[in-house]
Amino acid sequence: MLNKISINLKLILGLSIVLSLIGFLLIFVLAKSFNIYLFLIAIIGVFLGWIFYEDETAKALLFAASTSAGAILLLIAIFLFIRGFPAFQRDPIFFLSGSTWNVYRDIYSLGPMIWGSLIVTFGATLIAAPMGVGAAIYIGKFAPEWLRSVLKPAIELLAGIPSVVYGFLGFILLNRAIMDYFAIPNMGQFIAPSIILGFMALPTITSVAEDAIDAVPEHLEKGALALGVTEWQAIKEVTLPLASSGITAALILGIGRALGETMAVTMMLGHKTKYPSPLFDIFEPGESLTSLIASQIGEASGQAVDALMGAGLLLFFIVLVLSTTSRIIQSRLQRRFRRG
Amino acid sequence: MRTDFGLLLKRFAFSFWFILALVSVGVIVTLILQPESVPDGALRTGGTILMVAAFATFALNFFTTELQPQLGQYILSLLFLFLAGVVLLFFPRQGLVLPNFEGDITPSLVTLSLFFIVAIGSGWVGFLLVKESPALNSQAAVKYFTALSVLVPLAVLAFFIAYTVSEGSAVISWRFISQRSDLLRGTVGIYPAIMGTFWLIIGATLFAVPIGVGAAVFLTEYARRKWIKQLVGITADCLWSTPSIVFGLFGYIFLVPRITGHSTLLAGQIILAAMLLPLTIATSTEALMSVPDEFRSGSLALGSSKWWTIRTVVLPSAIPSIVTGVLLGIGRIAGETAPIMLIAVMSHTSAPNFFSLEAPYFHIGPLFREIDALPYRLYSIYKAGVGGSIQEAWGTAMVLIALVLLFYGLGITVRSYFRRKRGW
């Protein structure tokens, strides 16, 4: 009898918390207001629950916490879509492949910026990919244990230096140097951020590739070594082929990082919203998707805001696809070795 | 006998190359020290000779070895080609120099020593690499080049930090970090920016850590189905790799209109928390999974409930790793500019002041006002045109780097301390 009543009480309490919380969130998201009453009901409910049914309340709260990442991602996707989609709706083909971005004539297309992002990312990958994988092989296979424990955090630190500091250093040192070496009259060439971004994307590639190399069971390589091959032959013939999908994942993730990097690019590019001519001229000033948004969103109004939101949506979508692909490849690799 | 002959030829090729490298270094040194004494034409000729030598080395290696082609030697030859190309490309224009900021061009020791190291180093390694068997040859080459690909980024990192410190240390003083910039009084300082970044970090941590750790506890202790774990893993990954400017845009269209309609500290804290969250989830999950199952069964066997076990046994033993992860994460978000640029900052605002000596002692007002932050300070100096306040910019950059290094150092110290201490 008493038991039943307490179960019902639990149910009522739980339901009231959940409903008030959902109501609160809905009102906050849709009506843009902070409903203090629903918020208080939820808080008091949780408090009561904590006193009377600590275990269940804890579990429920933990579950709620675990949905947070997904909820934020979903909110970003929805709101960017709402604000960014109109730019695509008008004339999607022109928006993505036209060649004019002109605030004064109200003509917006992202063609040059997409191309600029591609150039910068490609250049960065040329630097980051071989060096990043090389570093992963060295740290994972050749370095002795003590050196490894020094090198790993040191490489991580490379990713920790704020991107605005990279941008500032690059602007002062690299942009000037390139301008002087090649006797170019203007600053902000594509090549400068490419080089800096290469070093910024490198730690991502190294750490993921090193994980992939580490995940290959040691006995496979030991078996090869027992046959009398050298260390490198064992790595080349056994470890790397098995880790290749993980290394691919690392490269994809690195490309995503380079593509989404904002401040360094914004500070080092010349903000010229036109295609370079010839198309592959990396010594011409330009603009990328991220630097376009960062440099223009502050002053933009009207259709320009829509177009910038469209650019943000495009960026978000591309990086989302890249990182999901990378993650799927990684988990497939892990599953394979856990079974085998 | 035949292999010995091939080895001899290879040795010859490499000595040839090594001598040429020395010569080229000599030319470069002369050029930097006395640019007028070397005519332009000589450089072109020198570059061409280098190029021919590279091809010769390449060809010699290719034709003389009936052994397998060797990766290391190809790469070395290519490196040599690259060197020659650099000489050809750069020198006709002017001496190879790094400009300092004032714009006058002075020969730089850095460039000089870089070339010296590359030329001498690779020549020397060329000798070292020639071993008795091709397998050992390529083993040595790969070891060298992978080590180089660790060294080069670290050298760049060290150079950047050293350069910033050398420029910034002239500016850093107690006044610089304890005052605000004031044109009228002629003071230069970044106190408001330091405090702004401090409160951003505090807020972001307070939001992100409970939620992130909670999510990790649910995933490791409660979630039964695998797909839930995978789903949360994927979403956290996606959130982690979402470009920072997209976070800024999201804050701009979602948070700002829902808080006050203008930039606020609170919006910045929430967005940075959203960026810190995935890292917290990932590191906490890892930390909790590394707690041995015996701990859990031991506690459960004593009759404690699941939640009690988590609270008193699992979480305490995972805390050091969680702290490490959070500290490293804070090091990352402390320098984020793009997300707060649109939603939290305004140049030259005063430091947020939460505490007072009078009646309420504590105000939440500053949460709903703009702040200044270190990374934004640096960016706004850049945007205003670096010329005037370059000193302030270097000082800010140095404080930022020091902050990041501090958090990294703390994180790594905590990790190594507890790793030594714990018994499992």
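Residues numbered from 1 in each chain as written. Chains lettered and ligands numbered in written order. Predicted model: local features only at pLDDT ≥ 70, side-chain atom pairs only at ≥ 80, totals over all residues. Heavy atoms only, no water.

## Structural notes on the packing of aromatic side chains
Basically, it comes down to this: In this scheme Phe, Tyr and Trp rings, the latter by its six-membered ring, pair at centre separations within 6.5 Å, and the angle between planes marks the pair as stacked below 30 degrees, edge-to-face above 60, and tilted otherwise. Think of it this way: any DSSP run of H or I at least four residues long counts as a helix, any run of E at least two long counts as a strand, and we number them from the N terminus. For the exposure calls, accessible area comes from a 1.4 Å probe over protein chains only, and a residue counts as buried if that area is under 20% of its type's maximum, exposed if over 50%, partly exposed in between. When the NZ atom of lysine or the CZ atom of arginine is within 6 Å of a ring's centre and also within 35 degrees of its normal, the charge is said to sit over that ring.
Taken as a whole and judged by the stated rule, the model has 20 aromatic pairs over all chains. The interplanar angle of 70° and the centroid separation of 4.9 Å between the aromatic rings of Phe168(A) and Trp394(B) together place this pair among those described as edge-to-face. Residue Phe168(A) is found in helix H8 (residues 163–181), and its partner Trp394(B) is found in helix H15 (residues 390–421); the two belong to separate chains. Note on Phe168(A): relative accessible area 0%, which makes it buried. Residue classification places Trp394(B) among the buried positions, given a relative accessible area of 2%. One aromatic cluster in this structure is built from Phe24(A), Phe28(A), Phe39(A), Phe79(A), Phe250(B) and Phe254(B). The aromatic ring of Trp240(B) is capped on one face by Arg257(A), whose charged end is 5.3 Å from the ring centroid.

## A look at the interface of chain B and chain A
The test is simple: For this analysis, residues touch if any pair of their heavy atoms sits within 4.5 Å. Note on definitions: salt bridges are taken to be side-chain nitrogens of Lys or Arg within 4 Å of carboxyl oxygens of Asp or Glu. Here a polar contact means two N or O atoms within 3.5 Å. Within protein one must be a hydrogen donor candidate and the other an acceptor candidate, and residues neighboring in sequence count only if both atoms are side-chain atoms. Basically, the charged four are Asp, Glu, Lys and Arg, the nonpolar ten are Ala, Val, Leu, Ile, Met, Phe, Trp, Tyr, Cys and Pro, and anything else, Gly included, counts as polar.
Across the contact, 92 residues belong to chain B and 82 residues belong to chain A. Across the chain B-chain A interface, the total number found is one salt bridge. A salt bridge links Asp237(B) to Arg327(A); the shortest N-O distance between them is 3.5 Å. For the interface between chain B and chain A, the tally reads seven residue pairs in polar contact (both at pLDDT 80 or more). The biggest single contributor to the side of chain B that touches chain A is helix H5 (residues 134–168) of chain B, with 20 residues. Across the side of chain B that touches chain A, the residue classes tally to 66 nonpolar, 19 polar and seven charged.

## What to know about the confidence of the model for chain B
All names here are of chain B. Put simply, the rule is: Each residue carries a pLDDT score, the predictor's own confidence in it, on a scale running from 0 to 100.
Here chain B shows a mean pLDDT of 75. Residues at 70 or above account for 65%. Segment residues 64–69: pLDDT under 50, and nine contacts once partners within four positions in sequence are set aside and those in other chains are kept. Every residue in residues 91–110 is under pLDDT 50, and counting partners more than four places away or in other chains gives 43 contacts.

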